[in-house]
Amino acid sequence: MDDCLFCKIASKEIPGEIVYEDDNVIAIKDVNPQAPIHLLLIPKEHYDSVLTVPAGNEIITQIHTVANRLALKYGIVDTGFRLVNNCGEDGGQTVLHLHYHLLGGRNLGWPPG
Ligand code: AMP
Ligand code: ZN
(Lines give C-alpha, C1' and ligand atoms only; values in the text may rest on other atoms or scores of the structure.)
(Ligands and ions follow the chains in the order given, each with its own letter.)
Protein backbone atom coordinates (compact mmCIF):
# COMPACT_ATOMS: atom_id res chain seq x y z
CA MET A 1 0.00 0.00 0.00
CA ASP A 2 1.66 3.20 -1.22
CA ASP A 3 0.13 5.63 1.22
CA CYS A 4 -0.14 3.61 4.40
CA LEU A 5 1.58 4.85 7.56
CA PHE A 6 2.22 1.42 9.05
CA CYS A 7 3.43 -0.05 5.74
CA LYS A 8 5.92 2.81 5.61
CA ILE A 9 7.07 2.23 9.20
CA ALA A 10 7.34 -1.54 8.58
CA SER A 11 9.46 -0.94 5.47
CA LYS A 12 11.58 1.70 7.35
CA GLU A 13 10.56 4.34 4.83
CA ILE A 14 9.56 6.48 7.81
CA PRO A 15 10.93 6.06 11.32
CA GLY A 16 9.17 4.31 14.14
CA GLU A 17 10.47 3.27 17.52
CA ILE A 18 10.74 -0.41 16.71
CA VAL A 19 11.06 -2.63 19.79
CA TYR A 20 10.58 -6.02 18.09
CA GLU A 21 10.82 -7.38 14.58
CA ASP A 22 10.60 -10.77 12.89
CA ASP A 23 9.78 -11.89 9.36
CA ASN A 24 6.08 -11.12 9.73
CA VAL A 25 5.50 -8.69 12.59
CA ILE A 26 6.94 -5.47 13.99
CA ALA A 27 6.17 -3.84 17.31
CA ILE A 28 6.62 -0.11 17.86
CA LYS A 29 6.02 2.28 20.72
CA ASP A 30 2.78 4.22 20.28
CA VAL A 31 3.52 7.94 19.78
CA ASN A 32 0.59 8.85 22.02
CA PRO A 33 0.81 6.30 24.82
CA GLN A 34 -2.31 5.62 26.87
CA ALA A 35 -0.50 3.56 29.51
CA PRO A 36 3.10 3.22 30.78
CA ILE A 37 3.51 0.33 28.31
CA HIS A 38 1.75 0.99 25.00
CA LEU A 39 3.04 -0.94 22.01
CA LEU A 40 1.54 -1.46 18.58
CA LEU A 41 1.88 -4.92 17.03
CA ILE A 42 1.76 -4.61 13.29
CA PRO A 43 1.90 -7.25 10.54
CA LYS A 44 4.40 -6.37 7.81
CA GLU A 45 1.83 -7.40 5.24
CA HIS A 46 -0.98 -4.91 4.73
CA TYR A 47 -4.52 -5.81 5.84
CA ASP A 48 -7.03 -3.01 6.23
CA SER A 49 -8.40 -4.62 9.40
CA VAL A 50 -9.12 -7.99 11.01
CA LEU A 51 -12.05 -8.26 8.61
CA THR A 52 -9.77 -8.75 5.62
CA VAL A 53 -7.43 -11.38 7.07
CA PRO A 54 -8.15 -14.55 5.07
CA ALA A 55 -9.44 -17.59 6.95
CA GLY A 56 -6.56 -19.88 7.87
CA ASN A 57 -3.99 -17.08 7.78
CA GLU A 58 -1.62 -17.36 10.77
CA ILE A 59 -0.96 -13.66 11.34
CA ILE A 60 -3.38 -13.21 14.24
CA THR A 61 -1.86 -16.16 16.09
CA GLN A 62 1.61 -14.79 15.39
CA ILE A 63 0.63 -11.40 16.79
CA HIS A 64 -0.69 -13.03 19.96
CA THR A 65 2.58 -14.95 20.34
CA VAL A 66 4.57 -11.73 19.95
CA ALA A 67 2.27 -10.03 22.49
CA ASN A 68 3.05 -12.74 25.04
CA ARG A 69 6.78 -12.37 24.45
CA LEU A 70 6.66 -8.59 24.76
CA ALA A 71 4.49 -8.76 27.87
CA LEU A 72 7.23 -10.91 29.42
CA LYS A 73 9.98 -8.57 28.21
CA TYR A 74 8.20 -5.48 29.57
CA GLY A 75 7.38 -7.09 32.91
CA ILE A 76 3.59 -6.94 32.70
CA VAL A 77 2.77 -10.65 32.80
CA ASP A 78 2.18 -10.75 36.55
CA THR A 79 0.35 -7.43 36.78
CA GLY A 80 -1.70 -8.06 33.63
CA PHE A 81 -2.17 -6.35 30.33
CA ARG A 82 -4.69 -5.74 27.56
CA LEU A 83 -4.38 -6.67 23.89
CA VAL A 84 -6.78 -4.53 21.88
CA ASN A 85 -7.86 -4.42 18.27
CA ASN A 86 -9.91 -1.41 17.24
CA CYS A 87 -11.94 -2.20 14.13
CA GLY A 88 -13.86 0.36 12.11
CA GLU A 89 -15.26 3.74 13.07
CA ASP A 90 -17.16 2.83 16.24
CA GLY A 91 -14.24 0.62 17.29
CA GLY A 92 -11.97 3.66 17.16
CA GLN A 93 -9.71 2.50 14.33
CA THR A 94 -7.79 5.48 12.96
CA VAL A 95 -5.00 3.74 11.02
CA LEU A 96 -6.38 1.43 8.34
CA HIS A 97 -3.61 -1.17 8.60
CA LEU A 98 -4.31 -4.06 10.98
CA HIS A 99 -2.68 -3.60 14.38
CA TYR A 100 -3.12 -4.59 18.01
CA HIS A 101 -2.42 -2.39 21.01
CA LEU A 102 -0.53 -3.99 23.91
CA LEU A 103 -1.27 -1.92 27.01
CA GLY A 104 -0.07 -2.38 30.56
CA GLY A 105 1.66 -0.87 33.55
CA ARG A 106 -1.48 0.56 35.14
CA ASN A 107 -4.98 -0.61 35.98
CA LEU A 108 -6.83 -0.04 32.73
CA GLY A 109 -10.37 -0.09 34.02
CA TRP A 110 -13.45 -1.52 32.36
CA PRO A 111 -15.55 -0.81 30.37
CA PRO A 112 -13.46 1.21 27.90
CA GLY A 113 -14.66 4.70 27.03
P1 AMP B 1 -6.09 2.97 16.20
O2 AMP B 1 -6.78 4.22 16.67
O3 AMP B 1 -6.52 1.72 16.90
O4 AMP B 1 -6.14 2.86 14.69
O5 AMP B 1 -4.57 3.12 16.63
C6 AMP B 1 -3.65 3.90 15.93
C7 AMP B 1 -2.54 4.23 16.90
O8 AMP B 1 -1.42 4.62 16.15
C9 AMP B 1 -2.87 5.38 17.85
O10 AMP B 1 -2.77 4.91 19.20
C11 AMP B 1 -1.79 6.41 17.53
O12 AMP B 1 -1.32 7.08 18.68
C13 AMP B 1 -0.71 5.57 16.89
N14 AMP B 1 0.15 6.25 15.94
C15 AMP B 1 -0.20 7.11 14.96
N16 AMP B 1 0.88 7.49 14.25
C17 AMP B 1 1.94 6.82 14.80
C18 AMP B 1 3.35 6.79 14.52
N19 AMP B 1 3.89 7.50 13.51
N20 AMP B 1 4.14 6.02 15.30
C21 AMP B 1 3.61 5.32 16.32
N22 AMP B 1 2.30 5.30 16.62
C23 AMP B 1 1.48 6.05 15.88
ZN1 ZN C 1 -0.38 -0.81 5.34
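These lines cover the structure that appears in this document, whether it is placed above or below. (Residues numbered from 1 in each chain as written. Chains lettered and ligands numbered in written order. Predicted model: local features only at pLDDT ≥ 70, side-chain atom pairs only at ≥ 80, totals over all residues. Heavy atoms only, no water.)

What follows concerns unusual backbone geometry. A cis amide bond links tryptophan 110 to the next residue, proline 111, at an omega of 5°. With respect to the helices, strands and loops of the structure, proline 111 is situated in the segment after strand 5 (100-104). Despite not being glycine, lysine 12 has its phi angle at roughly 65°, a positive value. Considering the arrangement of structural elements, one finds lysine 12 in the loop between helix 1 (5-10) and strand 1 (18-21). For lysine 12, a relative accessible area of 48% corresponds to the partly exposed category. (Helix = DSSP H or I, 4+ residues; strand = E, 2+ residues; numbered from the N terminus. Buried < 20%, exposed > 50% of the residue type's maximum accessible area, 1.4 Å probe, protein only.)

Here we come to the coordination of the zinc ion (ligand 2). When a metal holds four donors in a tetrahedron, each ideal angle between them is 109.5 degrees; when it holds six in an octahedron, the ideal angles are 90 or 180 degrees. Within the protein, Cys4 (SG), Cys7 (SG), His46 (ND1) and His97 (ND1) serve as the donor atoms for the zinc ion (ligand 2), at 2.0 to 2.3 Å. For the zinc ion (ligand 2), the single-chain donor residues occur in sequence as C-x2-C-x38-H-x50-H. Here cysteine 4, found in the segment before helix 1, pairs with histidine 46, found in the loop between strand 3 (37-43) and helix 2 (59-73); they are 42 residues apart in sequence, far enough to count as distant. Residue classification places histidine 46 among the buried residues on the basis of a relative accessible area of 18%. (Donors = N, O, S within 2.8 Å, 3.2 Å for Na, K, Ca; no water.)

If you check the shell around ligand 1, you find 16 residues, and the closest are Asp30, Asn86, Gly92, Thr94 and His101. Here valine 31 contributes a backbone N or O atom positioned 3.3 Å from a nitrogen atom of ligand 1. The contact in question runs from an oxygen atom of ligand 1 to an N or O atom on the side chain of asparagine 86, over 2.9 Å. Against a free-state accessible area of 500 Å², the protein chains account for coverage of 81% of ligand 1. According to the grid-proximity analysis, the pocket containing ligand 1 is the largest pocket. For the shell around ligand 1, the secondary structure elements donating two or more residues are helix 1 and strand 2 (25-29). Top element by residues in the shell around ligand 1 is helix 1. It accounts for three residues. Grouping the constituent residues of the shell around ligand 1 by class yields seven nonpolar, seven polar and two charged. (Near = heavy atom within 4 Å. Polar contact = N/O pair within 3.5 Å; in protein donor to acceptor, adjacent residues only side chain to side chain. Areas by Shrake-Rupley, 256 points an atom, 1.4 Å probe, with all protein chains shown as cover. 1 Å grid on protein atoms, 1.4 Å probe; cavity = no way out; pocket = protein on both sides within 12 Å on 5 of 7 lines; lining within 4 Å. Sits in = over half its atoms within 2 Å of the grid points. Nonpolar A, V, L, I, M, F, W, Y, C, P; charged D, E, K, R; others polar.)

On to the nonpolar core. Membership of the largest hydrophobic core comes to 19 residues, with the highest contact counts inside it found for Leu39, Leu41, Ile59 and Leu70. Listed by contribution, the elements that provide at least two residues to this core are strand 1, strand 2, strand 3, helix 2 and strand 5. In this view, leucine 70 contacts Tyr20, Ala27, Leu39, Leu41 and Leu102; residues no more than four positions away in its chain are not counted. Counting residues in each nonpolar core, the second largest holds ten residues, with Phe6, Ile9, Ile28 and Leu40 among its members. (Core = buried A, V, L, I, M, F, W, Y, C linked by side-chain atoms within 4.5 Å. Contact = heavy atoms within 4.5 Å.)

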